[in-house]
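Coordinate inspection notes
So you can see what is in the structure, the chains are spelled out below.
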Amino acid sequence: GENVEQHPSTLSVQEGDSAVIKCTYSDSASNYFPWYKQELGKGPQLIIDIRSNVGEKKDQRIAVTLNKTAKHFSLHITETQPEDSAVYFCAASRNTGGFKTIFGAGTRLFVKA
Amino acid sequence: DTGVSQDPRHKITKRGQNVTFRCDPISEHNRLYWYRQTLGQGPEFLTYFQNEAQLEKSRLLSDRFSAERPKGSFSTLEIQRTEQGDSAMYLCASSIGLGQNTGELFFGEGSRLTVL
């Protein structure tokens, strides 16, 4: 069945350092890969996404890369700040079937000031 | 507030009771999704609607769970004969429908269920 694996489950970095979270997916038909950030007591919120026709996308301090051949995708956060501390989820979906989105188990990121 | 709203935010019930959660999506969104999230895990897909039609249900969804979206606007998720294993956060999300769908899900803040 469809599955998304995410590593690491916990990540602690010093403020200003970079953080990298990696995911793999199983459904080769997936063509949309969003990343969500969830803060305590709130629902997940989209921070960046990438579609299968590109290999990399950047938005200020956040970048995502996609390797469709290997079914890997990654989130890179540079110059981390304490407010980046949250749980991050990678996900995969396809633009048929209603964009049913399958989530990874999450990475809890701690940014130490 | 034009975001996705869920009610109630918290529900404590005894095992065997029925519970119902309500979700009001963003008004122009055609698609509505229910997810379940347990501690330390990502959201797990339960079901989704395109307008009033329920187009997919997770195979993991017990017969005790039923969802409706009668007029293609708000949705309800009912759990009958609750069990302790049903304790979780139930998240609702909505997205723009066909032709404009970017894939982005807009989540509510969830309804936390505790079954004693």
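Residues numbered from 1 in each chain as written. Chains lettered and ligands numbered in written order. Predicted model: local features only at pLDDT ≥ 70, side-chain atom pairs only at ≥ 80, totals over all residues. Heavy atoms only, no water.

1. Examining the interface of chain B and chain A
In this complex, chain B contributes 21 residues to the contact, which on the side of chain A involves 18 residues. Note on chain B versus chain A: buried area summed over both sides is about 1,600 Å², and carbon and sulfur give 53% of it. Our enumeration of links across chain B and chain A arrives at 4 residue pairs in polar contact (both at pLDDT 80 or more). Looking at the side of chain B that touches chain A, the elements that each hand over two or more residues are β4 (31-37) and β5 (44-50) of chain B. Taken together, the residues of the side of chain B that touches chain A sort by class into 8 nonpolar, 8 polar and 5 charged. (Contact = heavy atoms within 4.5 Å. Buried area = accessible area lost by both parts, 1.4 Å probe. Polar contact = N/O pair within 3.5 Å; in protein donor to acceptor, adjacent residues only side chain to side chain. Helix = DSSP H or I, 4+ residues; strand = E, 2+ residues; numbered from the N terminus. Nonpolar A, V, L, I, M, F, W, Y, C, P; charged D, E, K, R; others polar.)

2. A few points about the sheet that holds strand β1 (residues 4-7) of chain A
All names here are of chain A. Reading across the sheet, the 5 strands line up as β1-β3-β8-β7-β6 and stay open at both edges, with antiparallel pairing between neighbours. Of all the strands in the sheet, just β1 and β6 (56-59) have a single pairing partner and so form its edges. Within the sheet, the average angular offset between the axes of one strand and its neighbour, ignoring direction, is 15°. Direction of pairing for β6 relative to strand β7 (residues 62-67): antiparallel, over a ladder of 4 bridges. (Pairing = 2+ DSSP bridges. Axes fitted to C-alpha atoms, helices over the stretch in contact; angles between N-to-C directions.)

3. Focus on unusual backbone geometry
The step from A:His7 to A:Pro8 runs through a cis peptide bond, and the omega angle for that step is -5°. Examined against the element boundaries, A:Pro8 turns out to sit in the loop between β1 and β2 (10-14). Here the amide bond leading from B:Asp7 into B:Pro8 is cis, since omega sits at -5°, within 30 degrees of zero. Relative to the helices and strands, B:Pro8 resides in the loop between β1 (5-7) and β2 (10-13). Residues other than glycine seldom take positive phi values, yet A:Gln60 does so here, at roughly 55°. Counting through the fold element by element, A:Gln60 comes out in the loop between β6 and β7. For A:Glu79, which is not glycine, the phi dihedral falls at a positive 50°. Its place among the elements puts A:Glu79 in the loop between β8 (72-77) and β9 (86-92). A relative accessible area of 53% places A:Glu79 in the exposed class. (Buried < 20%, exposed > 50% of the residue type's maximum accessible area, 1.4 Å probe, protein only.)

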